[in-house]
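# Topology and contacts: notes
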Amino acid sequence: MYLLELAGQDDRFAIAEAATAASDVTPIAAGLATARGLGDGFETLAFAHRASDLLGTTGATVDSAVALLDAATLDRAGSVAVRARDVRGTTDVDTQAAERALGQVLVDRGFTVDLDDPDHVLQALFSNTDDASAADPGENGVAALGWLTVETDRAFADRQPTDRPFFQPGSMSPQLARALVNLAGAEPKTTILDPMCGTGGILLEAGRVGATPIGGDAQTKMVRGTRQNLRELLDGDWHVYRGDASHIPIADDSVDGVVFDAPYGRQSKIEGDLEDLVADALAEARRVASQAVVVGDRSWAETAEESGWVVDATFERRVHRSLTRYIAVVR
Ligand SMILES: C[S@@+](CC[C@H](N)C(=O)[O-])C[C@H]1O[C@@H](n2cnc3c(N)ncnc32)[C@H](O)[C@@H]1O
């Protein structure tokens, strides 16, 4: 069993993404989940920080965590470090005291402590559930202990859309783009299509997880800009064409997943009716792939159903006061 430390504030979204690279992902407290198995893709997740080999869970106090570790079977040897976290600041646990007390348990069991380059890192994660209706939220708290197994690659956090050779306002964050391509099935040896690629942010993340990205956009400026971004920022194969998302120039069933961020209602560049465009793009997506993720400033879930897709999950992500992004994952 694994312990997952989720990222962001929306656990339901993080768990949906994590489920693309882990099995039986189950929430246990704010920002924490367990999983039965881990796949190779875990490292590429945008909304997870780490996975650990779960030792056990108990109440969210240092004493309970110490008792749990005392009683645990520790099937490893070498040097250790303890990293304690108050996940999202939901508990009032003193994490330094937790690290000292848990470290002492490990020393008593014969381990040496090496804070700089330990053979094993013990994660001690303290969190309360988000259930505000609980009479005493502290009672619902969890302390979870586990040996660190894998950390996700956070490099995308340093790569802002504004740093790319071609940038336009409204570009999606690399973290969200990464999650969307994961939800659409991106992994090595897959092909991911964004038929409304804009500045190419979704294509970049598809490429970075090892998929071959294919992008299209109706505007020559976007096609040129995306090509420039991919040329300078991505190793490996990619293809970008100019074309209309309602007539995708690709053979039936020839890509593994489609992701697109539909134009927003307030954008003026859209010729024709936005509803018709998205409906047509969804129908075309269904012709070329068996899974898709559609994003917009309104929910396109109903339109997706009308195009024959089955809606797997929907999410809302508030960007700022006047923009909420609606996400539908469809099969
Ligand atoms: C919301 S933007 C995509 C933004 C992109 N995710 C990014 O981060 O840069 C929507 C894109 O759809 C394109 N578009 C509009 N109508 C289109 C159509 N009929 N076919 C293909 N692309 C279209 C626009 O040119 C625009 O680049």
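The rules behind the values
- For every chain, the first residue of the written sequence is number 1, and numbering continues from 1 onward in sequence order.
- In keeping with the model being predicted, local features are shown solely for residues with a pLDDT of at least 70 and side-chain atom pairs are shown and tallied solely at 80 or more, while totals for entire chains, interfaces and linings include all residues.
- Computation of side-chain values: all heavy atoms of the structure, hydrogens and water removed.
- In plain words, nonpolar cores are sets of buried Ala, Val, Leu, Ile, Met, Phe, Trp, Tyr and Cys residues tied together by side-chain atoms within 4.5 Å.
- When accessible area is computed with a 1.4 Å probe and restricted to protein chains, residues below 20% of their type maximum are described as buried, those above 50% as exposed, and intermediate ones as partly exposed.
- Helical segments are the DSSP runs of H or I of at least four residues, strand segments are the runs of E of at least two, and each set is numbered from the N terminus.
- Domain boundaries shown here were taken from an automatic or database domain assignment.
- It only takes one pair of heavy atoms within 4.5 Å for two residues to be counted as in contact.
- Put simply, buried area is how much 1.4 Å-probe accessible surface two parts lose in total, over both of them, once they are put together.
- In what follows, salt bridge is the name for a side-chain nitrogen of Lys or Arg lying within 4 Å of a carboxyl oxygen of Asp or Glu.
- One bridge is not enough; two strands pair if DSSP finds at least two bridges between them.
- Any residue with a heavy atom positioned within 4 Å of a molecule or strand is treated as near that molecule or strand.
- Pairs of N or O atoms within 3.5 Å make up the polar contacts considered here, provided that, within protein, one atom can donate a hydrogen while the other can accept it, and that residues adjacent in sequence are counted only when both atoms are side-chain atoms.
- Here the Shrake-Rupley method, with its probe set to 1.4 Å, supplies the accessible areas, and only the displayed protein chains count as covering residues.
- Classes in brief: Ala, Val, Leu, Ile, Met, Phe, Trp, Tyr, Cys and Pro nonpolar; Asp, Glu, Lys and Arg charged; the others, Gly included, polar.
- Fitted lines through C-alpha atoms give the axes, limited to the stretch in contact for helices. The angle between two N-to-C directions lies from 0 to 180 degrees.
- In this analysis, the expected span of each helix is defined as 1.5 Å times one less than the number of residues it contains.
- Note that the arc is computed from the directions linking the helix axis to the C-beta atoms.

### Quick word on the nonpolar core
Of all hydrophobic cores here, the largest spans 40 residues; its most connected members are L4, F13, L180 and V293. Looking at this core, the element that brings in the most residues is helix α4 (residues 174–183), giving six residues. Counting contributing residues, this core receives three or more from each of domain 1 (2–153) and domain 2 (156–330). For L180, the residues in contact, after removing those within four places along its chain, are F13, M172, V259, V293, V295 and I327.

### Topic: the domain arrangement of the chain
The domains assigned to the chain are domain 1 (2–153) and domain 2 (156–330). Counting from both sides, the interface comprises twelve residues of domain 1 and, opposite them, 14 residues of domain 2. Summed over both sides, the interface between domain 1 and domain 2 buries roughly 1200 Å², with carbon and sulfur atoms accounting for 60% of that surface. Interface area lost by domain 1 to domain 2 is led by F13, T44 and F47, which between them contribute 43%. Counting across the domain 1 and domain 2 interface gives zero salt bridges.

### A word on the pairing of strand β17 (residues 323–330)
The two faces of the sheet receive side chains in turn, since in a regular strand these alternate between them. For β17, the tally of buried residues reaches six of eight residues, placing the bulk of the element in the interior. Across five bridges, strand β15 (residues 292–296) lies against β17 in antiparallel orientation. Paired with V294 across the two strands is A328, which belongs to β17. Two elements, strand β16 (residues 311–320) and β17, share eight bridges in a ladder whose sense is antiparallel. Paired with R317 across the two strands is R325, which belongs to β17. Two successive antiparallel strands, β16 and β17, enclose a turn made up of two residues.

### Brief notes about the site of the ligand
Near the ligand, the surroundings consist of 19 residues, among which T199, D217, Q219, D244 and A245 are the closest. Measuring from an oxygen atom of the ligand, one finds a side-chain N or O atom of T199 at 2.6 Å. D261 is positioned such that a nitrogen or oxygen atom in its side chain is 3.1 Å from a nitrogen atom of the ligand. Burial of the ligand by the protein chains amounts to 92% of its free accessible area of 610 Å². Grouping the amino acids of the shell around the ligand by side-chain chemistry returns eleven nonpolar, five polar and three charged.

### Comments concerning the sheet that holds β15
Backbone hydrogen bonds are what pair the strands of a sheet, in a parallel or an antiparallel way. One open sheet holds the seven strands; their spatial order is β13-β12-β11-β14-β15-β17-β16, and the pairing between them is mixed. The open sheet terminates on both sides in strands that have one partner only, identified here as β13 (239–242) and β16. Mean inter-strand twist for the sheet, computed between neighbouring axes without regard to direction, equals 15°. Contacts from helix α1 (residues 11–18) reach β16 and β17, with the element oriented near 130° to β16. Against the sheet, helix α5 (residues 201–208) contacts β11 (191–194), β12 (212–217), β13 and β14 (257–261), and its axis sits at roughly 170° relative to β12.

### Structural notes on helix α7 (residues 274–288)
Under the 1.5 Å per step criterion, the end-to-end length of α7 is 21 Å for 15 residues, consistent within 8% with the ideal 21 Å. Taken residue by residue, α7 has L274, L277, V278, A281, L282, E284, A285 and V288 as its buried positions. The buried residues of α7 occupy one face: seen down the axis, they fall within an arc of 165°. Where α7 is buried, its residues meet β11, β14, β15 and α8 (301–306).

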